[in-house]
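# An overview of the molecular structure
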There are 2 protein chains.
Amino acid sequence: MINIAIIGFGIVGSASYDVTIQNAGLIEKRVGDSIKVKKIVDIREFDDHPAPELLTKNFEDVMNDPTISIVIESIGGLNPAYKFTKAALMGGKSVVTSNKELVAVHGKELTEIAKQNKVSYLFEASVGGGIPIIRPLKQCLAANEITEIYGILNGTTNYILTKMREEGRPFADVLKDAQEKGYAELNPAADIEGHDACWKISILSWVAFGKSVEIENISRKGIDDVTAEDIKKAKAGGGVIKLIGRAKLLDGEVQCTVAPEVIPLSDPLAIVDGVFNAIVVRGNFVGETMFYGQGAGGRATSSAVMSDVIEIARNIVASRK
Amino acid sequence: MINIAIIGFGIVGSASYDVTIQNAGLIEKRVGDSIKVKKIVDIREFDDHPAPELLTKNFEDVMNDPTISIVIESIGGLNPAYKFTKAALMGGKSVVTSNKELVAVHGKELTEIAKQNKVSYLFEASVGGGIPIIRPLKQCLAANEITEIYGILNGTTNYILTKMREEGRPFADVLKDAQEKGYAELNPAADIEGHDACWKISILSWVAFGKSVEIENISRKGIDDVTAEDIKKAKAGGGVIKLIGRAKLLDGEVQCTVAPEVIPLSDPLAIVDGVFNAIVVRGNFVGETMFYGQGAGGRATSSAVMSDVIEIARNIVASRK
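Predicted model, so just to flag it, every value in this text is computed and none were measured.

### Section: the sheet that holds strand E8 (residues 219-220) of chain B
Pairing in this open sheet of 12 strands is mixed, and the strands run E8(A)-E10(A)-E9(A)-E7(A)-E11(A)-E12(A)-E12(B)-E11(B)-E7(B)-E9(B)-E10(B)-E8(B) from one edge to the other. The open sheet has two edge strands with one neighbour each: strand E8 (219-220) of chain A together with E8 of chain B. Direction of pairing for strand E12 (residues 287-294) of chain A relative to strand E12 (residues 287-294) of chain B: antiparallel, over a ladder of 3 bridges. Bridge pairing in E12 of chain B links Tyr 292 of chain A to Met 290 of chain B. Lying on the sheet, helix H11 (residues 228-236) of chain A is in contact with strand E9 (239-250) and strand E10 (253-264) of chain A; it crosses E9 of chain A at an angle near 80°.

### So, the sheet that holds strand E6 (residues 121-122) of chain B
Residues and elements named next belong to chain B. Spatial ordering of the open sheet is given by E3-E2-E1-E4-E5-E6, a layout of 6 strands whose pairing is parallel. Unpaired on one side and paired on the other, strand E3 (55-56) and E6 mark the two borders of the sheet. In this sheet, strand E2 (residues 35-41) lies alongside strand E1 (residues 2-7) in parallel orientation, the contact comprising 6 bridges. Directly across from Ile 4, in E2, lies its bridge partner Val 37.

### Some details on helix H10 (residues 195-209) of chain B
All names here are of chain B. Helix length check: H10, at 15 residues, gives a terminal C-alpha distance of 21 Å against a target of 21 Å (1.5 Å per residue), a fit within 8%. Burial analysis of H10 places 14 of its 15 residues in the buried class, the great majority of the element. Positioned one or two residues after H10, Gly 210 has a phi angle of 70°, which is positive.

### Focus on the packing of aromatic side chains
Inspection of the entire model under this criterion finds 15 aromatic pairs over all chains. Ring centres 6.2 Å apart and planes at 85° place the aromatic pair Phe 291 of chain A and Phe 291 of chain B in the edge-to-face group. Of this pair, Phe 291 of chain A sits in strand E12 while Phe 291 of chain B is found in strand E12, placing the two residues in two different chains. Taken together, a centroid distance of 5.0 Å and an interplanar angle of 10° make the contact between Phe 276 of chain B and Tyr 292 of chain B stacked. Linking Phe 276 of chain B in strand E11 (residues 276-283) with Tyr 292 of chain B in strand E12, this pair joins segments that are 16 residues apart in sequence. Of the two residues, Phe 276 of chain B and Tyr 292 of chain B, neither departs from the other in class, the shared state being buried. Of the aromatic side chains, those joined through ring pairs into one cluster are Phe 9, Tyr 17 and Phe 46 of chain A.

### What to know about the interface of chain B and chain A
With 44 residues of chain B in contact, the opposing surface of chain A contributes 44 residues. Approximately 3600 Å² of surface area, both sides summed, lies buried where chain B meets chain A, with 58% of it carried by carbon and sulfur atoms. Across the chain B-chain A interface, the total number found is 0 salt bridges. For the pair chain B and chain A, the number of links is 18 residue pairs in polar contact (both at pLDDT 80 or more). Of the residues contributing to the side of chain B that touches chain A, the split by class is 22 nonpolar, 13 polar and 9 charged.

### Concerning the pairing of E10 of chain A
Residues and elements named next belong to chain A. In this structure, E8 lies alongside E10, joined through 2 bridges in parallel fashion. Residue Ser 219 lies in a different strand from E10, and its bridge partner there is Thr 257. Joining the antiparallel neighbours E9 and E10 is a turn of 2 residues, in which Asp 251 adopts a positive phi near 50°.

### Side note on the relation of the copies chain B and chain A
What relates the pair of chain copies is a rotation about an axis plus a shift along that axis. Between chain B and chain A, the superposition needs a rotation of 180° and an axial shift of 0.0 Å, giving an RMSD of 0.0 Å. The superposition operator between the copies reduces to a two-fold rotation axis. The rotation axis passes nearest to the C-alpha of Phe 291 of chain B in chain B, at a distance of 2.5 Å. Looking at the interface residues of chain B, 100% of them are also at the interface in chain A, so both copies use one shared face.

Conventions and cut-offs
- Residue positions are given per chain, counting from 1 as you read along its sequence in written order.
- Throughout, the order in which chains and ligands are written sets their labels, letters from A for the former and numbers from 1 for the latter.
- For a predicted model such as this one, the threshold for reporting local features is a pLDDT of at least 70, and the threshold for listing and counting side-chain atom pairs is 80 or more; totals across whole chains, interfaces and linings nevertheless cover every residue.
- By convention in this description, side-chain values take in all heavy atoms of the structure and omit both hydrogens and water.
- Each pair of strands is called paired provided DSSP finds at least two bridges between the two strands.
- A run of DSSP states H or I qualifies as a helix once it reaches four residues; a run of E qualifies as a strand once it reaches two. Both are numbered from the N-terminal end.
- Throughout, a contact is declared for two residues whenever any of their heavy atoms are within 4.5 Å.
- Axis geometry follows a simple rule: fit a line to the C-alpha atoms, using only the stretch in contact for helices, then measure angles between N-to-C directions, giving values from 0 to 180 degrees.
- The span you would expect from a helix comes to 1.5 Å times its residue count less one.
- Relative accessible area decides the class of each residue, using a 1.4 Å probe on protein chains only: under 20% of the type maximum gives buried, over 50% gives exposed, and in between gives partly exposed.
- When the centres of two rings from Phe, Tyr and Trp lie within 6.5 Å, Trp using its six-membered ring, the rings pair. Their planes under 30 degrees apart give stacked, over 60 give edge-to-face, and anything left gives tilted.
- The buried area of a pairing is the accessible area, by a 1.4 Å probe, that goes missing from both parts when the two are put together, added over both.
- What counts as a salt bridge is simple: a side-chain nitrogen of Lys or Arg found within 4 Å of a carboxyl oxygen of Asp or Glu.
- The term polar contact refers here to a pair of N or O atoms within 3.5 Å; inside protein, the definition further demands a hydrogen-donor-capable atom paired with an acceptor-capable atom, and it admits residues adjacent in sequence only when both atoms are side-chain atoms.
- Ten residue types, Ala, Val, Leu, Ile, Met, Phe, Trp, Tyr, Cys and Pro, are classed as nonpolar, four, Asp, Glu, Lys and Arg, as charged, and the remainder, Gly among them, as polar.
- Least squares is the method for superposing the copies, and the C-alpha atoms it fits come from residues with pLDDT of at least 70 in both.

Treat this as a map of the structure, not an account of what it does.
The structure is reproduced here in structure tokens:
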């Protein structure tokens, strides 16, 4: 049995727990051993927690359990996620995360710490929700020089832009609607000002080019001043407006931007509507590839989180032989 | 240095050689060792072969060289590809292939032989050309129960259907055109009768569900009796006709079909035109994901071939430690 812990039992953490229960049989078959959640850390109270016996408020309970080999960090934000991740890695536990902000800011350092301690720090879920993109970049496209990577990296803004286009309504109106439906947060700045997309394009740039671009060096423009008129104009010209995160090689340097762009209908990204995300990768042999799927939401994101857990678990099983 | 051999120096074999030359530096960096083509086997004569000193007509020259650890089989067809692959695996050499027919018919047996000999048999390039799909299914989506997988798996038929729709021309006319341009073979049966798509959906079914469906148990219908009228009707109804390979779980059994289908414009496959391919995967957590790119052509396919070579090379490097 391979024991894991989940830190942060929000949307992603609880869905990851659900995967381990609902798909237990097939995961055991694919890994060659069962994966069991042994501890769940969260400071909140839960009235209807599915596994109250696993719940603790104290992260040290994970650190003090030597049978836990993998930690899912789904707290989000920089702190205490950074502190907990570092402690787990230095304590010989692999960490899997969906935390894009932490990976964008400290991913390189945490990966280095993982290597020094012969464990893994994996973050497939930090970009594109359930869309496989980090591992394909590292492995499937490893024979290519990547020349450009760009995409629709934020579901909230894509939902808003889609509604504005389909219904001809102004930004503020659609945002309010999205907030009421739970598609946008009450404080929507991270999404609509493009911070979320910045974290993600920074991570993609690091994985694709081996060079990370500091968040403050990414030219960023959100969607808050896109007007219904802009969208109508784009449509008349045969295009749609999308918030695009883009990283490309220019004279050996990586240039990163986040901005609303007019995408021609011939571009495969043009059909990516609502909360869907998609990422286009150009390589010098593969040409153009696109990865498409649900860019957010607990269930889709937990698919990516658990794929990382499964990779580490398979390595643990292989190392026993 | 990791030595490899290429068997079959056609479109895919020669492009794979090009990758090892053009991207040598970045591959060495990503693998931790250099990858060098030591032998190229082909029975044909070449007037302008880029590396005549590596060329041999005798497969035994590869078998007799213990320094060659990876063989790229890009001959195509069942024989002698099957015989050579089996010999290489039993001789302790890993094999990477783009040969969909061989994988569809003998993939399970060859994988078993690879395991027994502690080497690998990898076939990312056998489906979807350069599109990463085999490895994402095995790894990135491993936490999911896959419920359905379907897609546009053949570039030639998709090119013909796209031209028929865009230009309102009849099948025979467009086929002739495609043959003249080299997009369709002079004997186009494997493509237009759906055999090629059958091999590919059979491979996808095996990887996604762990159950292979015998080619003769796949319900197959080609595009040869699709008329310009059919396409016009589909268009009027808000759809496009695509040759779809489809595999789904039905009461625990895998059902595979290849047939022209009317795809609604809301389906992401609807925008996949010309020689592009795309594969949609549905999983019980990830929801719907799509993988899109160039489904054929030497350069794109060699990207997938070389990603498999890199995976094996990384394992060789790791095993030295």
